[in-house]
There are 4 protein chains.
Amino acid sequence: MLSFASDYVEGAHPEVLARLVETNMEQLTGYGTDVYTLRAKEKIRKVCESPDADVYFLTGGTQTNQIAIATLLEACEGVVAAETGHINTHEAGAIEYTGHKVISLPTHLGKIDAKELEAFLSGFFFDSNNEHMIAPGMVYISYPTEYGTLYTKNELEDISRICREYKIPLYMDGARLGYGIMSDGADLSLCDIARLCDVFYIGGTKVGALCGEALVFSGSKAPKRFVTMIKRHGALLAKGRLNGIQFDALFTDDLYFRISRHAIDMAKELVRVLEEKGYEFFLESPTNQQFVILDNAKMRELSEKVEFSFWEALPKDRSVVRFATSWATDKESIDELSRVL
Amino acid sequence: MLSFASDYVEGAHPEVLARLVETNMEQLTGYGTDVYTLRAKEKIRKVCESPDADVYFLTGGTQTNQIAIATLLEACEGVVAAETGHINTHEAGAIEYTGHKVISLPTHLGKIDAKELEAFLSGFFFDSNNEHMIAPGMVYISYPTEYGTLYTKNELEDISRICREYKIPLYMDGARLGYGIMSDGADLSLCDIARLCDVFYIGGTKVGALCGEALVFSGSKAPKRFVTMIKRHGALLAKGRLNGIQFDALFTDDLYFRISRHAIDMAKELVRVLEEKGYEFFLESPTNQQFVILDNAKMRELSEKVEFSFWEALPKDRSVVRFATSWATDKESIDELSRVL
Amino acid sequence: MLSFASDYVEGAHPEVLARLVETNMEQLTGYGTDVYTLRAKEKIRKVCESPDADVYFLTGGTQTNQIAIATLLEACEGVVAAETGHINTHEAGAIEYTGHKVISLPTHLGKIDAKELEAFLSGFFFDSNNEHMIAPGMVYISYPTEYGTLYTKNELEDISRICREYKIPLYMDGARLGYGIMSDGADLSLCDIARLCDVFYIGGTKVGALCGEALVFSGSKAPKRFVTMIKRHGALLAKGRLNGIQFDALFTDDLYFRISRHAIDMAKELVRVLEEKGYEFFLESPTNQQFVILDNAKMRELSEKVEFSFWEALPKDRSVVRFATSWATDKESIDELSRVL
Amino acid sequence: MLSFASDYVEGAHPEVLARLVETNMEQLTGYGTDVYTLRAKEKIRKVCESPDADVYFLTGGTQTNQIAIATLLEACEGVVAAETGHINTHEAGAIEYTGHKVISLPTHLGKIDAKELEAFLSGFFFDSNNEHMIAPGMVYISYPTEYGTLYTKNELEDISRICREYKIPLYMDGARLGYGIMSDGADLSLCDIARLCDVFYIGGTKVGALCGEALVFSGSKAPKRFVTMIKRHGALLAKGRLNGIQFDALFTDDLYFRISRHAIDMAKELVRVLEEKGYEFFLESPTNQQFVILDNAKMRELSEKVEFSFWEALPKDRSVVRFATSWATDKESIDELSRVL
């Protein structure tokens, strides 16, 4: 059955897979010291215009968030995130497992508001009772957000300025970074992100790789003994090549950006088709995830013809569902979807 | 200077201290195995009408919350609490430190609402995505709450029923339990609490002891190897007698209840005096903590004559402050306060 | 340069990689619910003759050890291992990171001794002070061990019997399981292992896969909410297919066993060549890892012609080094090695 | 029945208790900010000749070890201790609970050997595989040791020098510090200890207090936000006065040293009596703990007349038992013991 359930229903982009095949029998050193990994790091530094950035490859998004946050926070610090932030909702308490609190701020279609952030931080740092409280030690944002929305450059600049004023790192979860950067509405480049965030990751799993995320420390160096920390989290691959080769391919000839743009083009087609058929959108998303409101009866009927994701229940027997495109979505699938809608 | 800053500005109630002095040179076994500790446990079981309850003495409130919650939660569970719950605000992330999330519900003058709790629990348990989420594994309430308010018997029965329906323990933080039970408005006895909660603690530090809290497992037995768990948290006193003797004294001749009632009587005097002088209350509290709204100028002026606690800032240069009475407050202090107000 | 440095210098076995390529564009459900993963689980249950076993795929060895041990131990329990056990030496404290102690027993060429284990367990459980001590809650062994040695069936039966007597699970780290089972000296089949151990993992990373380990609960079911636990550790792959498809291939037509046997055949050639050239062995290993003693001068000279792993320093300017074969080693490499030795 | 079971069978030294009584109704600020606590800190700085030392009061030994070690270690570091160190044996895994490994060195009557320490540290720091290993980040010693033995000044100087060379803090567990310093054989003063260690604690629970340990950072400042860290561990007393007042008393007029010396005098009497009666000692201890070897039959017989502690089983139906004196032991008890031996 046709699936728009997520952007991870296929394997790897063929060019990525081809590189794994071509290099397969080469004898390479382990644990991320191989030439492909080093080359991929160099390419990422270059495309980010961050020649001094530390880059590490990890295997999945929750793992990357967990390791980045746990190793950057100090002992009595928590991470500030939107109430709807992935780390606060759908990562099974992976942050708390490392001993740190997720401090939630109100969500605005998935985003935090700079003014509310500033009010919260100044409230904390001027509270004379704060010795009994967890200090905000980091700000987490996602781009695109869990609702497919995007921060504008102005918004990110404001958040970045506040974080630097309070001397806490700004971290961006870029599980779908490509789909954000390449969307029509976006005014943030990868270089802007590298400049305005202190740490962020470039998602591979959802953007063309079998697995893998590139964690970039653009605003400072990685914590000391970072490889040991990765190992301690059980996240150090013996065959580090698996991630390295894939990212080497993704950052060759702009593949990452090209396939991201393709997903956006397909998302625009998807929106057009849904609009034509009179579907109601839950919110306006410029990225590859589209949130649609369905009557529950309609939802059940549709689910027999096409796969999508249930998102949340609404009053009056209605639901929000998600349709996602990806690098792998083709025009034929959209046409087929159009027929079953 | 006269202090109404908190209910822990004095040492122990004289009768409690006297028992420590009388028994001082007796040779007793360690780690809570002494006769006074055993006797205190028995007295607490009796007054709770819970003959099978496990009772353990710990040294402070945050420690007791941390150990009770960390040992009762299973691996992927969090504890549900009001946004304003002490564990969610002023315990320096002690719960998250043990790897567990505090899941917050809206606060209603410090209390959670049974309907909102039920909606949250049913929402979680019927969410097909819940494999990626922390499960609610316990409900935390405080009595009195952090705002001095009280659950009614009806309210507690509702919450208790919901917890049992969803098979998760109900835990009550009773740091000031005596001041709740003995207040004019209260319709919950210690036996009601033991019956409706699965676990709770009877606060000593703020109600007559130098230190010490009695953790009561009234709805089930304590986790296996509980003494080892206490030790692992660094909370097992070699001289367990310190807590045991104090609780033995507090539960002799209703001392705990008598001194709690005294604090309530003094709080009523305090309210009378404050009202006479035209002070505005932030909310209506039937217990020993009273929250008053002051202009910041007035607050500064008053703070030179009497100690109280700053609570939170309000708009327009106003603040909430707290005045607390305790077992140690006497009529003379209230009179003196009246003169400086 | 020719490398015998480890059994993870190449990518995946060609048949494994081919399956990834063939299935690449199929739309599959995420998080290990896809058909290939289910099929691989079924094949493993079958080859283990454990029709009720729970099987989960994880990505690396340290991750698998960490999750298996942390989720099976109770709160005040530690895991017993040989002093030289991988979890006690080269996993960067991944077990302690989860709050649990590794309790070490003496090593006998990498193995623990059943009698010493029994003495330790009986010593603990009959110690009246044990309330202040970490309880042994699991036994960890590796097969082959970190020194390439193997438990005999008799030895494993003894250890298994003791564990069951004391009611603690026996866990086997099978990072190189195939190379153990298929070695000349081995008298333990995969079924024996499934029967005598309660939990074990079948290593993929070092035996033909790009990544991936199959964790098998043969003696009991996996802990409740195990997928959530995996997620909480940051170890749940969105594209679970990556591990599932590889194990499906490895357990088709005995591929796992055939390629393991090939590595053993190559190891025998390696031993023959080393012996011919008069090299001294540190110990006798029947598996794919061979430990050789070299003068440091010789070690430096050799390291310019072939890659191997430094293992440990010996007195008098001598060192132990490791040569490893794998599924990927061919006769030509051995011949070439023979020329440079 | 007469008890020599431990040095914590009585309450507090009468002068300590008297201070608690005298100050009981004074209104004091909470959480360790009261005047008595500040004064006690100042007295300790003075007697240690460490005017810049940070001093904090905690409630028990395991708690103090846990907090000191967990807050001083960095993320991938463990603490080095003798195999018999209290943290490695009888603290219920409290260190591992905080995520850190206890790395054990051989024990020499409870002590570590400086040469072995140096060999271990240099071995680690020169191991090129150490990225996969826990780094030694601290050295833990106890004074007196768990076997009542003492480091000489030479020995401590050697260990201190090695720690400073490798830039890792030296931490001393001084649960019975007074009984060490005041013993006949000791050549280490409190000032020597403050100078040679970076952190240590002066035990109160076993030396005259109801509870309480003074943690002294003599070689550097306490970690940032240390009060918050104490709170996060559940170890911050609302009535910080409880510890502060006791230590103020203990360090007034050399009380701590006088009562410690008394325990040593009584221990010498104890040894004399035991020797007279022909008892065999397990080892020679110059401090307040004496370890005696008994036939098990004799042990059972004796245990009906006097309390002592079982320590460990020996071959041939014999056992090691411990007799302890304390500040509270009087000549009459020794005489009475003499009659029952």
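The structure under discussion appears in the preceding block.
Summary of the structure given here.

Reading the values: rules and limits
- Residues numbered from 1 in each chain as written.
- Chains lettered and ligands numbered in written order.
- Predicted model: local features only at pLDDT ≥ 70, side-chain atom pairs only at ≥ 80, totals over all residues.
- Heavy atoms only, no water.
- Least-squares fit on C-alpha atoms with pLDDT ≥ 70 in both.
- Contact = heavy atoms within 4.5 Å.
- Core = buried A, V, L, I, M, F, W, Y, C linked by side-chain atoms within 4.5 Å.
- Buried < 20%, exposed > 50% of the residue type's maximum accessible area, 1.4 Å probe, protein only.
- Phe/Tyr/Trp six-rings, centres within 6.5 Å; stacked < 30°, edge-to-face > 60°.
- Helix = DSSP H or I, 4+ residues; strand = E, 2+ residues; numbered from the N terminus.
- Pairing = 2+ DSSP bridges.
- Axes fitted to C-alpha atoms, helices over the stretch in contact; angles between N-to-C directions.
- Right-handed = clockwise from strand over helix to strand, strands pointing away.
- Arc of directions from axis to C-beta.
- Parallel < 35°, antiparallel > 145°, perpendicular 65-115°, else oblique.
- Left-handed = near helix turned anticlockwise from the far one by under 90°.
- Nonpolar A, V, L, I, M, F, W, Y, C, P; charged D, E, K, R; others polar.
- Polar contact = N/O pair within 3.5 Å; in protein donor to acceptor, adjacent residues only side chain to side chain.
- Buried area = accessible area lost by both parts, 1.4 Å probe.
- Salt bridge = Lys/Arg side-chain N within 4 Å of Asp/Glu carboxyl O.
- Expected span 1.5 Å × (residues − 1).

1. Describing the relation of the copies chain D and chain C
Then, in step 1: Rotating chain D by 180° and moving it 0.0 Å along the rotation axis overlays it on chain C with an RMSD of 0.0 Å. These values place the two chain copies in the arrangement generated by a two-fold rotation axis.
Then, in step 2: An overlap of 100% is found between the interface residues of chain D and their copies at the interface of chain C, pointing to a shared contact surface.

2. Structural notes on the nonpolar core
Then, in step 1: By size, the foremost hydrophobic cluster in this structure holds 160 residues, and its most contacted members are A:Phe200, A:Ile202, C:Phe200 and C:Ile202.
Then, in step 2: Residues within four places of A:Phe200 in sequence aside, it is in contact with A:Cys48, A:Tyr171, A:Met172, A:Leu177, A:Leu190, A:Ile193, A:Ala194, A:Ala214, A:Leu215, A:Val216 and A:Ser218.
Then, in step 3: Listed in part, the 132 residues of the second largest apolar core include B:Ile112, B:Ala209, B:Ile259 and D:Leu255.

3. Some words on the packing of aromatic side chains
Aromatic ring pairs are described here by two measures, namely the spacing of the ring centres and the angle between the planes.
Then, in step 1: Applying the stated criterion across every chain, the model contains 68 aromatic pairs over all chains.
Then, in step 2: Ring centres of B:Phe4 and B:Phe323 lie 6.4 Å apart, and the angle between their planes is 55°; on these two criteria the pair is classed as tilted. With B:Phe4 in the segment before helix 1 (14-22) and B:Phe323 in strand 11 (residues 318-324), the pair connects residues that are 319 residues apart, well separated along the chain.
Then, in step 3: Classification of B:Phe4 as buried rests on a relative accessible area of 1%.
Then, in step 4: Judged by relative accessible area, B:Phe323 falls into the buried class, the value being 1%.
Then, in step 5: Judged by centre distance (6.0 Å) and plane angle (40°), the ring pair of D:Tyr140 and D:Tyr171 falls under tilted. Note that D:Tyr140 is positioned in strand 5 (residues 135-142) and D:Tyr171 in strand 6 (residues 170-173), a separation of 31 residues in sequence.
Then, in step 6: The class for D:Tyr140 is buried, based on a relative accessible area of 1%.

4. Structural notes on the sheet that holds strand 2 (residues 54-58) of chain D
Neighbouring strands of a sheet are bound in pairs by backbone hydrogen bonds; such pairs are parallel or else antiparallel.
Residue and element names in this part refer to chain D.
Then, in step 1: Strands sit in the order 2-8-7-6-5-3-4 across an open sheet of 7 strands; the sheet is mixed. The open sheet is flanked by strand 2 and strand 4 (102-105), the only strands paired with a single partner. Strand-to-strand twist of the sheet, defined as the mean angle between neighbouring strand axes without regard to direction, takes the value 25°.
Then, in step 2: Sheet contacts for helix 7 (residues 153-165): strand 5 and strand 6; angle to strand 6, the most-contacted strand, approximately 140°.
Then, in step 3: Relative to the sheet, helix 11 (residues 241-250) contacts strand 2, strand 7 (199-203) and strand 8 (213-217), its axis offset from that of strand 2 by approximately 115°.

5. Some details on the pairing of strand 6 (residues 170-173) of chain C
Residue and element names in this part refer to chain C.
Then, in step 1: Burial along strand 6 is two-sided: Leu170 and Met172 and Tyr171 and Asp173, pointing in opposite directions, are all buried.
Then, in step 2: In this sheet, strand 6 lies alongside strand 5 (residues 135-142) in parallel orientation, the contact comprising 4 bridges. Within strand 6, the residue paired with Ser142 across the bridge is Asp173.
Then, in step 3: Handedness of the β-α-β unit built from strand 5, helix 7 (residues 153-165) and strand 6 comes out right-handed.
Then, in step 4: The pairing of strand 6 with strand 7 (residues 199-203) spans 2 bridges and is parallel. Paired with Met172 across the strands is Phe200, a residue of strand 7.

6. Digging into helix 14 (residues 331-340) of chain D
Residues and elements named next belong to chain D.
Then, in step 1: Taken as a whole, helix 14 has its buried residues at Ser333, Ile334, Leu337 and Ser338. Around the axis of helix 14, the buried residues are gathered within 145° of arc, so they sit on the same side. Exposed and facing more than 90 degrees away from the buried side of helix 14 are Glu332 and Arg339.
Then, in step 2: Check the buried side of helix 14 and you find it contacts strand 1 (2-3), helix 12 (255-276), strand 11 (306-307) and strand 13 (318-324).

7. Digging into the packing of helix 6 (residues 114-125) of chain B against helix 7 (residues 153-165) of chain B
All names here are of chain B.
Then, in step 1: Interhelical geometry of helix 6 versus helix 7 gives an angle of 10° and a closest axis separation of 9 Å. Here helix 7 runs roughly parallel to helix 6, going by the angle between their axes. Crossing geometry of helix 6 relative to helix 7 is assigned as right-handed. Facing helix 6, whose interface residues are Ala114, Leu117, Glu118 and Leu121, helix 7 presents Asp158, Ile159, Arg161, Ile162 and Glu165.
Then, in step 2: For the contact of helix 6 with helix 7, the class distribution of residues is 5 nonpolar, no polar and 4 charged.

8. Digging into the sheet that holds strand 4 (residues 135-142) of chain A
Residue and element names in this part refer to chain A.
Then, in step 1: Sheet architecture is open: 7 strands sit in the order 1-7-6-5-4-2-3, paired in mixed fashion. With partners counted over all chains shown, the strands left at the sheet margins are strand 1 (54-58) and strand 3 (102-105), one partner each. Averaged over all adjacent pairs, the angle separating strand axes in this sheet is 25°, with direction ignored.
Then, in step 2: Each of strand 1, strand 6 (199-203) and strand 7 (213-217) is contacted by helix 11 (residues 241-250), which is oriented at about 115° to strand 1, the strand it contacts most.

9. Description of the side chain of B:Asp192
All names here are of chain B.
Then, in step 1: Here Asp192 lies in helix 9 (residues 190-196).
Then, in step 2: When its relative accessible area of 11% is taken as the criterion, Asp192 is described as buried.
Then, in step 3: A polar contact is formed between the side chain of Asp192 and the backbone nitrogen of Ser189, at a distance of 2.9 Å.
Then, in step 4: Discounting chain neighbours no more than four positions away, the residues touching Asp192 are Lys153 and Asp187.

10. Brief notes about the interface of chain D and chain C
Then, in step 1: Counting from both sides, the interface comprises 17 residues of chain D and, opposite them, 17 residues of chain C.
Then, in step 2: Carbon and sulfur atoms make up 50% of the area that chain D and chain C hide from each other, which totals about 1,500 Å².
Then, in step 3: Its largest share of buried area at the contact with chain C, chain D owes to D:His90, D:Glu96 and D:Lys101, together 34% of the area lost on that side.
Then, in step 4: Run the count over chain D and chain C and you get 2 salt bridges.
Then, in step 5: Taken together, the residues that form the side of chain D that touches chain C break down as 6 nonpolar, 8 polar and 3 charged.

11. Observations regarding the pattern of salt bridges
Then, in step 1: If you walk through the whole model with that rule in mind, you get 95 salt bridges over all chains.
Then, in step 2: What emerges from the salt-bridge pattern is a single network uniting A:Glu269, A:Arg272, A:Glu276, A:Lys331 and A:Asp335.

12. Focus on unusual backbone geometry
Then, in step 1: Residue C:Pro144 is reached from C:Tyr143 by a cis peptide bond, and omega for that bond is -10°.
Then, in step 2: For D:Lys316, which is not glycine, the phi dihedral falls at a positive 60°.
Then, in step 3: With respect to the secondary-structure elements, D:Lys316 resides in the loop between strand 12 (309-314) and strand 13.
Then, in step 4: Unusually for a residue other than glycine, D:Asp317 sits at a positive phi of about 55°.

13. As for the interface of chain A and chain C
Then, in step 1: Each partner contributes residues to the interface: chain A has 47 residues there, and chain C has 47 residues.
Then, in step 2: Between chain A and chain C, a total of about 4,100 Å² is buried, with carbon and sulfur atoms accounting for 58% of that surface.
Then, in step 3: Across the contact surface, chain A and chain C share 0 salt bridges.
Then, in step 4: There are 30 residue pairs in polar contact (both at pLDDT 80 or more) connecting chain A and chain C.
Then, in step 5: Mapped onto the side of chain A that touches chain C, the elements with two or more residues apiece are helix 1 (14-22), helix 3 (61-72), helix 5 (94-97), helix 10 (226-232) and helix 11 of chain A.
Then, in step 6: Looking at the side of chain A that touches chain C element by element, the count peaks at 4 residues for helix 3 of chain A.

14. Description of helix 2 (residues 35-47) of chain C
Residues and elements named next belong to chain C.
Then, in step 1: With 13 residues, helix 2 should reach 18 Å at 1.5 Å per residue; the first-to-last C-alpha distance of 18 Å fits that figure.
Then, in step 2: Considered for burial, the residues of helix 2 that qualify are Tyr36, Thr37, Ala40, Lys41, Ile44 and Arg45.
Then, in step 3: Looking at the buried positions of helix 2, the neighbouring elements they touch are helix 1 (14-22), strand 2 (54-58), strand 7, strand 8 (213-217) and helix 11 (241-250).
Then, in step 4: Measuring from the backbone nitrogen of Tyr36 back to the side-chain oxygen at the start of helix 2 gives 3.0 Å, which picks out Asp34 as the cap.
Then, in step 5: Phi turns positive one or two residues past the end of helix 2, at Glu49, with a value near 50°.

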